Structures are given as C-alpha cells and as structure tokens.
Amino acid sequence: MIGPPFFAVEPGRQRIVCVAAGPRQTPMGEMAARRIEFSDALGPVPAFAAWIDEHDVLLESYEDTTTEEPWMRLVEYRRG
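About the thresholds
Numbers given to residues run from 1 along each chain, matching the order in which its sequence is written. Only residues with pLDDT of 70 or above have their local features reported here, since the model is predicted, and side-chain atom pairs are shown and tallied only from 80 upward, although totals for entire chains, interfaces and linings are computed over all residues. Note: side-chain values were computed over all heavy atoms of the structure, leaving out hydrogens and water. A run of H or I in DSSP becomes a helix once it reaches four residues, and a run of E becomes a strand once it reaches two; helices and strands are each numbered from the N terminus. The contact criterion used throughout is that any non-hydrogen atoms of two residues lie within 4.5 Å. In this description, accessible areas are obtained by the Shrake-Rupley approach with a 1.4 Å probe, and a residue is regarded as covered only by the protein chains that are shown. Aromatic rings from Phe, Tyr and Trp, taking only the six-membered ring of Trp, are treated as a pair when their centres fall within 6.5 Å; an angle between ring planes under 30 degrees marks them as stacked, one over 60 as edge-to-face, and anything in between as tilted. Consider the ring centre and the ring normal. A charge sits over the ring if Lys NZ or Arg CZ is within 6 Å of that centre and within 35 degrees of that normal. The term salt bridge refers to a side-chain nitrogen of Lys or Arg lying within 4 Å of a carboxyl oxygen of Asp or Glu. Note on exposure labels: buried denotes an accessible area under 20% of the residue type's maximum, exposed denotes more than 50%, and partly exposed covers the range between, all computed with a 1.4 Å probe on protein chains only.

What about the overall build of the protein?
Across its full length, the protein carries 0 helices and 5 strands. Tracing the protein from N to C terminus, the helices and strands come up as β-β-β-β-β. Excluding contacts between residues fewer than 6 apart, the proportion of contacts in the protein whose partners are at least 24 apart in sequence is 26%. Carbon and sulfur atoms form 53% of the exposed surface of the protein, whose accessible area is close to 5600 Å².

Shown next, in the form of structure tokens:
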C-alpha cells in the first residue's frame, strides 16, 4: 500500500517495478531518478508510471505506462 507522504492511497496490494533509471530535470537541477510502474498485484488493472528521485520523492507522474507527457510534475523542491 502507498500512503502519506506519497501521492496516492490504494486499498489493495500494488506491484511496483523499476523500469528505467537516469538523470531527470527537477526544480533543483538535474538529479538521478528512477521510473517506476504501478499495477494491481492481483489483476489486470491499468498501470500508471512515475519518476522518483533517490529519496523516493515523486518528480513526475503519468496516467498510464505509455503516455509521454506527465499529468503531474513537481514544481518546487526544498531539502534540509
């Protein structure tokens, strides 16, 4: 399950898979990131994708695994 401080809550189990890694532009400049895909662990529910940083902060989120334009993007990021 995913819950606060993350962006979504799902009542069932989810399968989370890292499918790519590489640099991404963020409000703090270029950072190492991972692309992860979420899907229902028990059935064929449509998956969605996101890019997260090394601290598991959501950088971009996508409606599905094939969309290239994010529906949500982090615009401000402060650490410390």
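Picking up where we left off.
Points about the packing of aromatic side chains
The description of an aromatic ring pair rests on the distance of the ring centres and on the angle between the ring planes. Inspection of the entire model under this criterion finds 1 aromatic pair. Note on Phe 38 and Phe 48: the rings are 4.7 Å apart at their centroids and 10° apart in plane angle, and the pair reads as stacked. Here Phe 38, found in strand 2 (residues 29-40), pairs with Phe 48, found in strand 3 (residues 48-53); they are 10 residues apart in sequence, far enough to count as distant. It is Arg 24 that lies over the ring of Trp 51; its NZ or CZ is 4.3 Å from the centre. The positively charged end of Arg 35 is found above the aromatic ring belonging to Tyr 62, 4.9 Å away from the centroid.

Here's the deal with unusual backbone geometry
If you check the backbone angles, Asp 56 has positive phi at about 65° while not being a glycine. Tracing the chain through its elements places Asp 56 in the loop between strand 3 and strand 4 (58-62).

Section: the pattern of salt bridges
With the rule as written, the count across this model stands at 4 salt bridges. A salt bridge links Asp 56 to Arg 34; its shortest N-O distance comes to 2.5 Å. Here Asp 56 is found in the loop between strand 3 and strand 4, whereas its partner Arg 34 is found in strand 2, with 22 residues between them in sequence. One salt bridge connects Arg 78 with Glu 76, and the closest N-O pair in it is separated by 2.6 Å. For Arg 78, a relative accessible area of 71% corresponds to the exposed category. Through salt bridges that share partners, Arg 24, Glu 60 and Arg 73 make up one connected network.

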